[in-house]
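Next come the chains, spelled out residue by residue.
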Amino acid sequence: PEAVVCLDAVSGNMIWKAARPLDYNRWGWSTPTLVYYQGILFSADRDTLAEREEKIKEVRWTPSVGADFPFGKLIAYSADRGEVLWESTCRDGYHSPVDVLMAGDLLWTGNLISRKRDPGITEGRDPRSGEVIRTRPPDQEFYDPGMAHHRCYRNKATSKYILTGRAGIEFIDISTGEAIPHHWVRGTCQYGIMPCNGLVYAPPHSCAC
């Protein structure tokens, strides 16, 4: 328990194990995120309650929307040995786990819970070193989301765009940083939308916000 574990796919034998404290005091939608990319395993999760209490002044609470969305830690491990390559901060989505998006050979994660305050996904990191390779302006320089909080599902990405759900579907060009909003289509709770085959699939939703 409370560890990232690598097993041999054939025998089931343990190859490596890395301690990863887990917060059990959390909402059902808040789960750790694991992403594998080109020999690197990314583990992203909120801080434990003890860690949050140690840095309580850094944690931002949002009682107006009925829940807290604390910051956490993104850890990159070498997939073959479990060695920690680098770490950075991360944050839960709104009623969704931490986004870890690979686009343009860069790792993107961000801070975009609320409408006015949070900048969005603004940094693209080298997945191997954690170095910030590309930056973009905050979303507010391109549009006003017009909603009190992000929609209740994860963001998605393609090779060219990050698709956020702050209001409807916002297309972020990862090469230029430009954000193009579309305020009229959104996804369904928890699942969201799915970019595929050059199209964006938007399931029927019951969102009454």
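On a predicted model such as this, the values are computed, not experimentally measured, just so you know.

**Q** Help me out: how do you make sense of the overall build of the protein in this one?
**A** Counting its secondary structure elements, the protein contains 1 helix and 18 strands. Counting only residues that meet the buried cut, the protein has 47% of its 209 residues in that class. Here the contacts in the protein between residues at least 6 apart in sequence split such that 49% fall between residues at least 24 apart. Accessible surface, the protein as shown: approximately 10,700 Å² in total, 56% of it carbon and sulfur.

**Q** What am I meant to see in the environment of Pro204 here?
**A** Mapped onto the secondary structure, Pro204 falls in the segment after strand E18 (199-201). With 17 residues separating them along the chain, Pro204 and Gly187 place their C-alpha atoms 7.2 Å apart.

**Q** Honestly, the packing of aromatic side chains in this entry has me stumped. Any pointers?
**A** Aromatic ring pairs are described here by two measures, namely the spacing of the ring centres and the angle between the planes. Scanning the entire structure with this criterion turns up 3 aromatic pairs. Each ring, one from Phe42 and one from Trp86, has its centre 6.1 Å from the other, and the planes form 55°; the classification is tilted. Here the residue Phe42 occupies a position in strand E4 (residues 40-46), and Trp86 occupies one in strand E8 (residues 84-91), the gap between them amounting to 44 residues. Across the pair, Trp86 and Phe42 agree in class, each one buried. Look at Tyr161 and Phe171: their rings are 6.2 Å apart centre to centre, the planes differ by 90°, and that puts the pair in the edge-to-face class. A residue pair is termed long-range when its members are at least 10 positions apart, and Tyr161 in strand E14 (residues 161-164) and Phe171 in strand E15 (residues 169-173) qualify at 10 residues. Here the basic side chain of Arg91 rests over the ring of Phe71, its NZ or CZ set 4.8 Å away from the ring centre. Positioned above the aromatic ring of Tyr191, the side-chain terminus of Lys156 is 4.9 Å from the ring centre.

**Q** It is not clear to me how the sheet that holds E8 should be interpreted in this structure. Could you clarify?
**A** Hydrogen bonds between backbone groups are what pair the strands of a sheet, and the pairing can be parallel or antiparallel. On the basis of which strands lie adjacent, the open sheet formed by 4 strands has the order E3-E4-E7-E8 and antiparallel pairing. Two strands close off the open sheet at either side, each with one partner strand: strand E3 (33-37) and E8. Each strand axis lies, on average, 20° off the axis of its neighbour in the sheet, ignoring direction. With 7 bridges connecting them, E4 and strand E7 (residues 71-78) associate as antiparallel partners.

**Q** Mind showing me how you'd approach the sheet that holds strand E16 (residues 179-182) here?
**A** One open sheet holds the 4 strands; their spatial order is E13-E14-E15-E16, and the pairing between them is antiparallel. Every other strand in the sheet has two partners, leaving strand E13 (156-157) and E16 as the edge strands with one partner each. Of the pairings in the sheet, the one linking E13 to E14 comprises 2 bridges and is antiparallel in character. The partner of Ala157 across the bridge, within E14, is Ile162.

**Q** How should I be thinking about the environment of Arg128 in this particular structure?
**A** Inspection of the secondary structure assignment puts Arg128 in the loop between strand E11 (120-125) and strand E12 (132-135). Along the backbone, Arg128 and Ile40 are 88 residues apart, and their C-alpha atoms lie at a distance of 7.4 Å. Setting aside residues no more than four positions away along its own chain, Arg128 makes contact with Tyr37, Gln38, Ile40, Leu85, Trp86 and Asp105. Among the polar contacts listed, one links the side chain of Arg128 to the side chain of Gln38, at a separation of 2.7 Å.

Conventions used here
Residues numbered from 1 in each chain as written. Predicted model: local features only at pLDDT ≥ 70, side-chain atom pairs only at ≥ 80, totals over all residues. Heavy atoms only, no water. Helix = DSSP H or I, 4+ residues; strand = E, 2+ residues; numbered from the N terminus. Buried < 20%, exposed > 50% of the residue type's maximum accessible area, 1.4 Å probe, protein only. Contact = heavy atoms within 4.5 Å. Areas by Shrake-Rupley, 256 points an atom, 1.4 Å probe, with all protein chains shown as cover. Phe/Tyr/Trp six-rings, centres within 6.5 Å; stacked < 30°, edge-to-face > 60°. Lys NZ or Arg CZ within 6 Å of the ring centre and 35° of its normal. Pairing = 2+ DSSP bridges. Axes fitted to C-alpha atoms, helices over the stretch in contact; angles between N-to-C directions. Polar contact = N/O pair within 3.5 Å; in protein donor to acceptor, adjacent residues only side chain to side chain.

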